Amino acid sequence: MTKSLKNYTIRYITIMILIVIAVWALLFYAFIMEEVYDNVDDGLKNQKIEIIRAAYNDETILKIDTFGINQFKITKASQQIQQGKKNTFKNDLIYMPYDEDMEPYRILNTYFYGKDKQLYHLEIRTSTVEEDELKYDLATALIVLYILIIISILSINTLVFHRAFKPFYQILDKLEKYHFGKLKATQTIKSNVREFILLDSEIDKMLDRNEKIFQQQKLFIENAAHELQTPLAISTNKLELLLEDERLSEQQLIAISETKEALERMIKLNKALLMLSRIENNQFESTDKVIFNSLIHQICDELADLIEYKGITVEIADHGTFILEFNSDLATILLSNLIRNAITYNKSKDGLIKIDIHSDSFSIANTGKNTALPPNSIFNRFHKENSAINSNGLGLSIVKTIIDTSSKIEIHYSYSNSFHVFNIKKL
């Protein structure tokens, strides 16, 4: 699933921040525990000094051999035990009657000589913070911190990133609305970011170059088509005169006839290219209220001989009246191409064309090839099926161009129940 640049960036920032916080939390916990134990150990060392001093002044202290209120005990030790021993610390759990539970304690073990030159073992203990409670409190604080960070990031996303990326989305919007031959004057994107200004400038230059090339190509096609009309017409007329010459052999007449057919196909192609050029240049600007129902019936009547010759049955169902503000010439070209396409690519025998007309849409369905056509290419120029020898592959391309330039209707192709269906509906 694709994501916007803004959300994509925020996601990785959030993940990285959470990982950093997790590592920081572990280090923070280790540092806090180290500080806690360091402070406790300093306190135990201080108690040790005070107890040893008190023992020199009051020998009765040396007889305290059980933990009591003062939380220390002194026992006699041998010289062998003392070797290499200094201050040693350890953690232990001791039962606390008040809590009725085992509580953590920090214990200092050390040795000292009394006033009587006897070696004594001193053990001092003090209650410390519970690690489990510390972990729980720290985890709770970090979860709250995580939630606050996520909320903060989302707020930054809304308030900062949206504003920062606004020029970028304006550039994207400009590109989405761009169509060949329909370049409109656009305002320069206002931004303080050098990269956005450079991107907008380069895109404007690219669009201008594309438009110039597109216009040059259109002009070339239009001029070439115009220039070809006269020599093609002259060549066709001369071939028709040659066909009337009785001195020519049968083979020569066949060759001339084939040449004439090829020229006629070229003339049709030339007219189609001219038509595309005129449509793209918006030379059909006037509009009227066009009743498509009557126009469909009219075109079917005009093509009745061709329909009868191919053995095709046409069924027209008027479920409503399809009326649209449209150029009447373009409407005729649109319907004529769709119906001719349904005839050309129909079955050679017992074919059927179904035309259903509603107030907001109409469809033209025909039998024919038993598999669906490629929807991504059927409207491309010069695309045609192998069965259509005499087709120039521009009929549906002209249909699509008319619909795209009108912005009032849209066309969809589908294959359903052995019918190739072209559905046109109002936007």
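Heads up: the structure comes first, above all this text.
Rules and cut-offs
- Residues numbered from 1 in each chain as written.
- Predicted model: local features only at pLDDT ≥ 70, side-chain atom pairs only at ≥ 80, totals over all residues.
- Heavy atoms only, no water.
- Helix = DSSP H or I, 4+ residues; strand = E, 2+ residues; numbered from the N terminus.
- Expected span 1.5 Å × (residues − 1).
- Buried < 20%, exposed > 50% of the residue type's maximum accessible area, 1.4 Å probe, protein only.
- Phe/Tyr/Trp six-rings, centres within 6.5 Å; stacked < 30°, edge-to-face > 60°.
- Lys NZ or Arg CZ within 6 Å of the ring centre and 35° of its normal.
- Salt bridge = Lys/Arg side-chain N within 4 Å of Asp/Glu carboxyl O.
- Axes fitted to C-alpha atoms, helices over the stretch in contact; angles between N-to-C directions.
- Parallel < 35°, antiparallel > 145°, perpendicular 65-115°, else oblique.
- Left-handed = near helix turned anticlockwise from the far one by under 90°.
- Contact = heavy atoms within 4.5 Å.
- Nonpolar A, V, L, I, M, F, W, Y, C, P; charged D, E, K, R; others polar.

A.B. asks: I tried to follow helix H10 (residues 395–406) on my own but got confused; where do I start?
C.D. replies: An α-helical segment advances 3.6 residues per turn. Residues three or four places apart therefore align on the same side. With 12 residues, H10 ought to run about 16 Å at 1.5 Å a step, and its terminal C-alpha atoms sit 17 Å apart, in line with that. Within the span of H10, buried status applies to Leu396, Ser397, Ile398, Val399, Thr401, Ile402, Ile403 and Ser406.

A.B. asks: Any chance you could explain the packing of aromatic side chains here in plain terms?
C.D. replies: Here a ring pair, both rings aromatic, is described through the centre-centre distance and the interplanar angle of the planes. Under the counting rule described, the total for this entry stands at 6 aromatic pairs. Aromatic side chains Phe112 and Tyr120 sit 5.7 Å apart centroid to centroid with 25 degrees between the ring planes, which places their arrangement in the stacked category. Of the residues examined, Phe112 reaches a relative accessible area of 6% and is grouped as buried. The class of Tyr120 is buried, set by a relative accessible area of 4%. Three or more aromatic residues joined by ring pairs form one cluster here, namely Phe292, Phe322, Phe326 and Phe362. We note Lys426 situated over the ring of Phe322; from NZ or CZ to the ring centre the distance is 5.0 Å.

A.B. asks: When you look at the pattern of salt bridges in this model, what are you seeing that I'm missing?
C.D. replies: Pairing between side chains becomes possible if they bear opposite charge and their charged atoms approach one another. Overall, the coordinates contain 6 salt bridges when judged by the stated rule. Across the pair Lys73 and Glu123 runs a salt bridge, and its minimum N-O distance is 3.8 Å. Placement of Lys73 in strand S1 (residues 72–76) and of Glu123 in strand S4 (residues 119–127) is noted, with a sequence separation of 50 residues between them. Its salt-bridge partner being Asp200, residue Lys174 comes within 2.6 Å of it at the nearest N-O pair. A residue pair is termed long-range when its members are at least 10 positions apart, and Lys174 in helix H4 (residues 166–177) and Asp200 in helix H5 (residues 194–243) qualify at 26 residues.

A.B. asks: Help me understand the packing of helix H7 (residues 292–302) against helix H9 (residues 328–344), please; the structure alone is not making it clear to me.
C.D. replies: Helix-helix packing: each pair is described by the crossing angle between the helix axes and the interaxial distance. One can describe the packing of H7 onto H9 by two numbers: an axis separation of 10 Å at closest approach and a directional angle of 50 degrees. Considering the angle they form, H7 stands oblique to H9. Relative to H9, H7 is oriented so that their crossing is right-handed. Contact residues: Phe292, Leu295, Ile296, Ile299 and Cys300 in H7; Ala331, Thr332, Leu334, Leu335, Ser336 and Ile339 in H9. The class makeup of the residues in the contact of H7 with H9 is 9 nonpolar, 2 polar and no charged.

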